[in-house]
Amino acid sequence: QVQLVESGGGLVQAGGSLRLSCAASGSIQSIDAMGWYRQAPGKQRELVAVITNGGSTNYADSVKGRFTISRDNAKNTVYLQMNSLKPEDTAVYYCSAERDYGTRRITDYWGQGTQVTVSS
């Protein structure tokens, strides 16, 4: 079992910055990657960024160059640094803990979500 606790959401103006945190506990050794997803009202949940145990990262095209995912292993915490925020970034952001099953990567655990609102 893995537990994820998210924090750091809030209201910012366009062009501003925000850092989300996700503290993980439990059977962390079983996790192959962690990521951030977001879901806006009326839309499907979409991948924002992923970081693997080896430190490789992947980003949605819409956030490349603006968002950075990182991990502090000593604190068992994953971060999402969001810069140059746009109104279209407004969504509930969810932390994920994922495992690889052959060629498939599956999210086994979700955080509770944190609201990010970007005003124009």
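Note that the structure is predicted; figures quoted are calculated from it, not measured. (Residues numbered from 1 in each chain as written. Predicted model: local features only at pLDDT ≥ 70, side-chain atom pairs only at ≥ 80, totals over all residues. Heavy atoms only, no water.)

*Asks:* What is the right way to read the pairing of strand 8 (residues 77–82) from this model?
*Replies:* Regular strands place side chains that alternate from one sheet face to the opposite one. Among the 6 residues in strand 8, 5 count as buried, and that is most of the element. By the bridge criterion, 6 bridges tie strand 3 (residues 18–26) to strand 8 in an arrangement that is antiparallel. Directly across from Ala23, in strand 8, lies its bridge partner Thr77. Turn length for the strand 7 (residues 67–72)-strand 8 hairpin, with the two strands adjacent in sequence and antiparallel, is 4 residues, and the turn residue Asn76 shows positive phi of about 50°. (Buried < 20%, exposed > 50% of the residue type's maximum accessible area, 1.4 Å probe, protein only. Helix = DSSP H or I, 4+ residues; strand = E, 2+ residues; numbered from the N terminus. Pairing = 2+ DSSP bridges.)

*Asks:* Any chance you could explain the nonpolar core here in plain terms?
*Replies:* Within soluble globular proteins, side chains that are nonpolar generally end up buried alongside one another. Counting 30 residues, the largest nonpolar core has Leu4, Trp36, Leu80, Met82 and Tyr93 as its most contacted members. When residues of this core are traced back to their parent elements, those giving at least two are strand 1 (2–7), strand 3, strand 4 (33–39), strand 5 (46–52), strand 7, strand 8, strand 9 (91–101) and strand 11 (114–119). If near-sequence neighbours (up to four positions away) are discounted, Leu4 is found in contact with Cys22, Ala23, Ala24, Met34, Cys95, Ser96, Ala97, Tyr109, Trp110, Gly111 and Gln112. (Core = buried A, V, L, I, M, F, W, Y, C linked by side-chain atoms within 4.5 Å. Contact = heavy atoms within 4.5 Å.)

*Asks:* What is the right way to look at the pattern of salt bridges in this model?
*Replies:* Between side chains of opposite charge, a pair can form as their charged atoms come close. One pass over the structure, following the stated rule, counts 6 salt bridges. Of the charged contacts in the structure, one is a salt bridge between Asp72 and Lys75, with a shortest N-O distance of 3.7 Å. Here Asp72 falls in the partly exposed class, since its relative accessible area comes to 23%. Judged by its relative accessible area of 55%, Lys75 is exposed. Residue Asp100 is joined to Arg105 by a salt bridge in which the shortest nitrogen-to-oxygen separation is 2.7 Å. When salt bridges with common partners are traced through the structure, they connect Arg38, Glu46, Arg66 and Asp89 into a single cluster. (Salt bridge = Lys/Arg side-chain N within 4 Å of Asp/Glu carboxyl O.)

*Asks:* What should I look at first to understand the packing of aromatic side chains in this one?
*Replies:* Here a ring pair, both rings aromatic, is described through the centre-centre distance and the interplanar angle of the planes. Across all of its chains, the model carries 2 aromatic pairs by this definition. Their ring planes at 75° and their centres at 5.1 Å tell us that Tyr37 and Trp110 sit as a pair that is edge-to-face. Within this pair, whereas Tyr37 is found in strand 4, its partner Trp110 is found in strand 10 (residues 104–110), the two being separated by 73 residues in sequence. With relative accessibility at 16%, the residue Tyr37 sits in the buried group. Note on Trp110: relative accessible area 38%, which makes it partly exposed. Taken together, a centroid distance of 6.3 Å and an interplanar angle of 80° make the contact between Tyr94 and Trp110 edge-to-face. Of the two residues, Tyr94 sits in strand 9 while Trp110 sits in strand 10, which places them 16 residues apart along the sequence. Put simply, the rings of Tyr37, Tyr94 and Trp110 pair up and form one aromatic cluster. Between the NZ or CZ atom of Arg45 and the centre of the ring of Tyr94, over which it lies, the distance is 3.7 Å. (Phe/Tyr/Trp six-rings, centres within 6.5 Å; stacked < 30°, edge-to-face > 60°. Lys NZ or Arg CZ within 6 Å of the ring centre and 35° of its normal.)

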